[in-house]
Amino acid sequence: MRIHHLNCGSMTLGMVDHCLLIETDTGLVLVDTGYGLECVRDPGRMMGPARFSLGAKLLERETAVRQIQALGYDPADVRDIVLTHLDLDHAGGLADFPDATVHVHGPELRAATSAKGLFDKLRYQPAQWAHRPKWLTNEIDGGAEWFGFRAVRDLPGLPPEILVVPLYGHTEGHVGVAVDTGDGWLLHAGDAFYVGSEVDPVHPRTPLIWQLLELRSLGSSDFRENRERLLELNRVHGGEITVFSSHDADAFARLAGRG
């Protein structure tokens, strides 16, 4: 499988919106969507007031659909989208791929579609899925594992090299997406951490600005535990697995530079 690294949304503090475009034998798979065309054209409706705190640049050329076209592909060939979670900066481009099957972790879809508190109503924007995507939920069921983490394997319609790894804490149903490239694993860890230094196997540290941004997540024992487990995963299996987060610009530049 050939994998393309896309930045689908530049934001404040140099943050990126790291998405993956994966070529498979049956079509294209997109991991997260970043911001979509309607986010650029009508940010108030599609993103709500939370867009101001993110400092989203909202450039049409950065949307996944435009980057896929620039690579010479037909966006209609995106048959599947796998989401780490449904925060507005991760699901904003769903409507650009109306015929795609959207794989989402069951607890995440349930949390997003029943949001009650103010924070959840800001982070989840139902306008982004008002077109009624073809949801296909996945659940933790049974004893599948991946390097000591629980995992969801054999996602319908996807090759076995793509699996979901629950990393709860940032949201109720937050997951990572693991991809076997044939030369090692990639783990797109979503927002399970923000910058690579947090899971550095030698000198792990979280810079102050990222500590402040993570304050709400740090209130979750699941978030803290999963970040520690990712650190240990990097420490023990760093030669086999490349772990990266959604918003780390340095990791994006490094991985996108590999071509």
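The notes below deal with the structure included here.

What the protein chain contains, in helices and strands, is 10 helices and 12 strands. Its C-alpha radius of gyration of 17 Å places the protein chain within 12% of the 18 Å reference for a compact globule of 259 residues. Principal axes of the C-alpha set define a box for the protein chain whose edges measure 45 × 40 × 35 Å. Here the protein chain holds 259 residues, and 54% of them are scored as buried. For the protein chain, the proportion of contacts with a sequence separation of at least 24, taken over those separated by at least 6, is 61%. Carbon and sulfur atoms form 50% of the exposed surface of the protein chain, whose accessible area is close to 11200 Å². The positive charge centre, built from 24 side chains, and the negative charge centre, built from 36, are 5 Å apart in the protein chain.

Moving on to the pairing of strand E3 (residues 27–31). Of all five residues making up E3, five are buried, and the element is well covered by its neighbours. Bridge analysis of strand E2 (residues 18–24) against E3 gives five bridges, and the strand direction is antiparallel. The partner of Ile-22 across the bridge, within E3, is Val-29. Here E2 hands over to E3 after two residues, the two strands then running antiparallel side by side. Relative to strand E4 (residues 78–82), E3 is paired through four bridges, and the arrangement is parallel. If you follow Val-31 over to E4, its bridge partner there is Val-82.

Another aspect to go through is the pattern of salt bridges. Per the stated rule, a full pass over the model turns up 12 salt bridges. Note that Glu-60 is salt-bridged to Arg-41, the shortest N-O span being 3.7 Å. In this pair, Glu-60 is assigned in the loop between helix H3 (50–54) and helix H4 (64–70) and Arg-41 in helix H1 (residues 37–41), connecting sequence segments 19 residues apart. Residue class for Glu-60 comes out partly exposed when judged on its relative accessible area of 30%. Measuring nitrogen to oxygen at the nearest pair gives 2.9 Å for the salt bridge that ties Glu-139 to Arg-110. Here Glu-139, found in the loop between strand E6 (134–138) and strand E7 (145–146), pairs with Arg-110, found in helix H5 (residues 106–112); they are 29 residues apart in sequence, far enough to count as distant. Salt bridges sharing common partners tie together Glu-38, Arg-41, Asp-42, Arg-45, Glu-60 and Arg-66.

Rules of the game
- Residues numbered from 1 in each chain as written.
- Predicted model: local features only at pLDDT ≥ 70, side-chain atom pairs only at ≥ 80, totals over all residues.
- Heavy atoms only, no water.
- Helix = DSSP H or I, 4+ residues; strand = E, 2+ residues; numbered from the N terminus.
- Rg over C-alpha atoms; globule rule 2.2 N^0.38 Å.
- Buried < 20%, exposed > 50% of the residue type's maximum accessible area, 1.4 Å probe, protein only.
- Contact = heavy atoms within 4.5 Å.
- Areas by Shrake-Rupley, 256 points an atom, 1.4 Å probe, with all protein chains shown as cover.
- Lys, Arg positive; Asp, Glu negative; His and termini not counted.
- Charge placed at Lys NZ, Arg CZ, Asp CG, Glu CD.
- Pairing = 2+ DSSP bridges.
- Salt bridge = Lys/Arg side-chain N within 4 Å of Asp/Glu carboxyl O.

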